[in-house]
Amino acid sequence: MIRLLIVEDDQSLCYIEKTSLEEIIGGYQVTTAANGEEGLREWNTHEFDVIVADIDMPVMDGFEMVERIRETDKDIIVVFTSALTSPNDVKAGFRLGINNYIKKPFMPEELDAHIQALLKLKNGQRNYVEKNQYHIGKFVLDVSHATLRDIQTDEVKIITLREVQILQILAENMNDVVRREAIVNRCWNQRYDYFVSRSLDVFVNKLRKLLADDPTVSIVTVRGVGLQLSVSDQLPMQ
């Protein structure tokens, strides 16, 4: 079953897409949202395989929604469906990290074909186990089982769900800086404020202690920007 989020402000079109994919074509479990803000809320709350989104929407448009999603999730498939077909609109979408762009109007069967092709491509690159395990220096983070395993000693440490979420986001963006606000929005599902920021610091300090046995791995604070999971192939100079 493909878990699909449709973000579309046209209620009639949204209904046609949902019913066609679930009842006529089959194989889909569809959740809908009427704008980018609702789409972000659903994405933060549930797990999806694919997001299909319009661009021009009230409250929050598709561009801003995808930009915020891609801050912490580089993996999920995102497809834009829009009547905005100028070269600048198309380029802007791909710069943000969408996987495909479908011009409106389209048939549900056409959307299904694009989704199936993108999923096959993704599955050819990464299987499910790889998606839920991240190699961090000498450690392996297993998201499904909330464990951190030392592959040299085979020691397994059970970590908390919040620690898993933070480390997963950093691992997905390894050696890149992730904004603190983006981490909070994903892991706490609430607005960034002083108290949540201090809570994030507590969890990061715990993660640093868990990773301290590998000198090639560090969680770096980039002042005024965010956090970076830095992994080097070489040991630091003594």
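The structure we're discussing is the one just above.
Residues numbered from 1 in each chain as written. Predicted model: local features only at pLDDT ≥ 70, side-chain atom pairs only at ≥ 80, totals over all residues. Heavy atoms only, no water.

Caption draft 1: Fine view of the environment of Phe139. Tracing the backbone shows Phe139 in strand β7 (residues 139-142). Sequence spacing of Phe139 and Arg149 is 10 residues, and the spatial spacing of their C-alpha atoms is 5.4 Å. When neighbours within four sequence positions are excluded, Phe139 is seen to be in contact with Tyr134, Leu148, Arg149, Asp150, Leu210, Leu211, Asp213 and Asp214. (Helix = DSSP H or I, 4+ residues; strand = E, 2+ residues; numbered from the N terminus. Contact = heavy atoms within 4.5 Å.)

Caption draft 2: How the structure looks around the pairing of strand β4 (residues 77-82). β4 sits mainly inside the fold: 6 of its 6 residues count as buried. Of the two faces of β4, the one carrying Ile77, Val79 and Thr81 and the one carrying Val78, Phe80 and Ser82 are both buried. The sheet contact formed by strand β3 (residues 50-53) and β4 spans 4 bridges and is parallel. Its bridge partner lying in β4, Val52 is registered against Val79. Handedness of the β3-helix α3 (residues 62-70)-β4 crossover: right-handed. Note: β4 against strand β5 (residues 100-103), 4 bridges, orientation parallel. Bridge pairing links Ser82 to Lys103 in β5. In terms of handedness, the path from β4 via helix α4 (residues 87-96) over to β5 forms a crossover that is right-handed. (Buried < 20%, exposed > 50% of the residue type's maximum accessible area, 1.4 Å probe, protein only. Pairing = 2+ DSSP bridges. Right-handed = clockwise from strand over helix to strand, strands pointing away.)

Note that all results are geometric; they support no functional claim without further evidence.
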